[in-house]
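An overview of the molecular structure
Spelled out, the chains give:
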Amino acid sequence: MRRLMSAARTLRSPAELVAAGLAPAERLAELEAVAARYAVAITPAMAELVQHSEPVARQFLPTAAELVQAPEERADPIGDDAFSPVEGIVHRYRDRVLLKANHACAVYCRFCFRREMVGPDGVRPLSGAQLDAAMGYVAAHPEIWEVIVTGGDPLILSPRRLADITARLSAIAHVKIIRFHSRVPVVDPGRITPQLVQALKVPGKTTWLALHANHADELAPAAVEACARIIDAGIPMVGQTVLLKGINDEAAVLEALFRRFVELRIKPYYLHQADLAPGTGHVRTSLAEGQALMRELRGAVSGLCQPTYVLDIPGGHGKAPVGPCYVADGEVEDPNGVRHAYPPAGG
C-alpha cells in the first residue's frame with residue numbers, strides 16, 4: 001500500500017507523482033521517458049483511490065512497459081482516420097457518428113486507444129470553424145440518427161460549451177439521440193454539477209451517457225453520487241469496460257463491477273477487448289481468455305449484468321461481437337456446459 005500525500009490538484013508529471021508518494025524516486029527517470037511520449041494526469045479523486053486499490057493504480061500510473069511496442073500495434077488502432085470526412089467527425093456506421101469535440105481528458109489511462117492524439121501535446125480541440133463544419137456535416141446527412149460526443153472526454157468542457165453543442169444538435173431534426181462518452185463521473189465527480197447535467201439535456205432529444213469504468217473500486221461514494229445526479233435528471237446510463245490483464249481479468253472481479261453497475265442503475269453495455277494501441281501489450285488479454293471469462297459469467301449473474309464482449313477490428317472495419325458461441329452442429333450449450341440437441345429429437 002502506498003503512503004500518499006493528499007493531492008489538491010491534478011498531478012501531471014512524474015515529479016509530481018513522486019512528490020505525492022505515488023511513485024518511488026528511483027523510478028523518476030524511466031517515468032519521465034514514458035511521460036515524454038504519453039500524457040500523464042491523475043485527479044485528486046483517483047490519487048486518493050490509488051493508495052487503496054492496486055487495480056486503480058495500474059490504470060493510471062505510468063510504467064516503463066509502455067515504451068515496448070509490438071509490431072502489430074498502431075497509432076490509430078481502430079481506424080478512425082479513414083472514416084473522418086471532416087475534422088472532428090468519424091462516420092463509420094450508417095446511422096451514427098462520433099463528434100470528437102476535444103482531445104483532452106481529466107485523467108489519462110495507460111491503455112488508451114487514442115493515446116497518440118490526446119493530451120496537451122495531442123490534437124488541438126476543434127476551432128469554431130471546425131465545429132461549424134462538423135455540425136454542417138451532421139445536418140447534411142439525414143441518415144444520422146445518433147451523435148456520440150466523445151474525445152478526449154467531453155465532460156471536461158464547461159457547461160456553457162456543452163450546452164452550445166447540445167443546442168446545435170437539437171436544431172438538427174433527424175438527430176434523435178445524443179450520447180456522451182465519459183470517465184468524469186468516476187475520475188472527477190465534483191464536475192458533475194446540476195449546471196453540467198442540465199447542459200446535457202435538450203427538448204426533443206434523448207440524451208444517454210456511457211460511463212467508462214473497469215473495476216468496482218472506481219465506484220467510490222462521490223462517483224455514486226455523481227452518477228445518481230445524472231440518472232435522477234432523466235439521463236439513462238450504460239457502462240463500458242475494457243478487459244485488462246492484471247486489473248479485471250478474473251470472473252469474480254468483472255462480476256463485482258457489473259453487479260455494482262446495475263445496482264447504480266447503469267446497464268453494462270460493452271466489454272471491450274483492449275485495442276492494439278502502442279505500448280499496451282502488458283495489459284492486453286487474448287480473445288480466448290476473454291471468451292472464457294464470458295462463459296464463467298453466463299448463468300452465474302443476471303442477464304442485466306451481461307455486457308457484449310466486442311473487438312474493434314483493426315483497420316477501421318468496425319466492432320464485432322467476439323463472445324463464446326453456444327450453438328454448433330445442431331446443438332446448444334447450456335450455462336453448465338452441457339450440450340442439447342435443438343430441436344429435441346422426437347418432438
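Per-chain numbering applies: the sequence of each chain, read as written, is numbered from 1 onward. With pLDDT at 70 or above as the cut-off, local features in this predicted model cover only qualifying residues; side-chain atom pairs require 80 or more to be listed or tallied, and sums for whole chains, interfaces and linings still use all residues. Processing note: side-chain calculations cover all non-hydrogen atoms of the structure and skip hydrogens and water entirely.

**Structural notes on the pattern of salt bridges**
When charged atoms on two side chains of opposite charge get close, those side chains can pair. Counted as salt bridges are all cases of a side-chain nitrogen of Lys or Arg within 4 Å of a carboxyl oxygen of Asp or Glu. Within the structure shown, the criterion is met by 20 salt bridges. Across the salt bridge formed by Asp 232 and Arg 265, the nearest N and O atoms sit 2.9 Å from each other. Residue Asp 232 is located in helix α9 (residues 221-232), and its partner Arg 265 is located in the loop between α10 (251-263) and β7 (266-273); the two are separated by 33 residues in the primary sequence. Asp 232 gets classed as exposed once you look at its relative accessible area, which sits at 56%. Burial here depends on accessible area, computed with a 1.4 Å probe over protein chains only, as a share of the maximum for the residue type. Under 20% is buried, over 50% is exposed, and the range in between is partly exposed. With a relative accessible area of 47%, Arg 265 lands in the partly exposed category. One salt bridge in this structure joins Lys 319 and Asp 312, with 3.5 Å as the shortest N-O distance. Several salt bridges converge on common partners, so that one network encompasses Asp 80, Arg 92, Lys 100 and Arg 114. By the criteria applied, helices consist of DSSP H or I runs no shorter than four residues and strands consist of E runs no shorter than two, each listed in order from the N terminus.

**Considering α10**
Residue count minus one, scaled by 1.5 Å, sets the expected span of a helix. The first and last C-alpha atoms of α10 sit 18 Å apart over 13 residues, in line with the 18 Å expected at 1.5 Å per residue. Regarding α10, the residues found buried are Ala 251, Val 253, Leu 254, Leu 257, Phe 258 and Phe 261. Along the axis of α10, the buried residues cluster in a sector spanning 165 degrees; they form a single face. Within α10, the exposed residues directed more than 90 degrees away from the buried face are Ala 252 and Glu 263. Looking at the packing, one finds that the buried side of α10 touches β5 (206-212), β6 (237-243), β7 and α11 (287-297). Immediately beyond the C-terminal end of α10, within one or two residues, lies Arg 265, with a positive phi of roughly 70 degrees. This arc describes the spread of directions from the helix axis toward the C-beta atoms. Whether two residues touch is decided by their heavy atoms; if any such pair falls within 4.5 Å, the residues are in contact.

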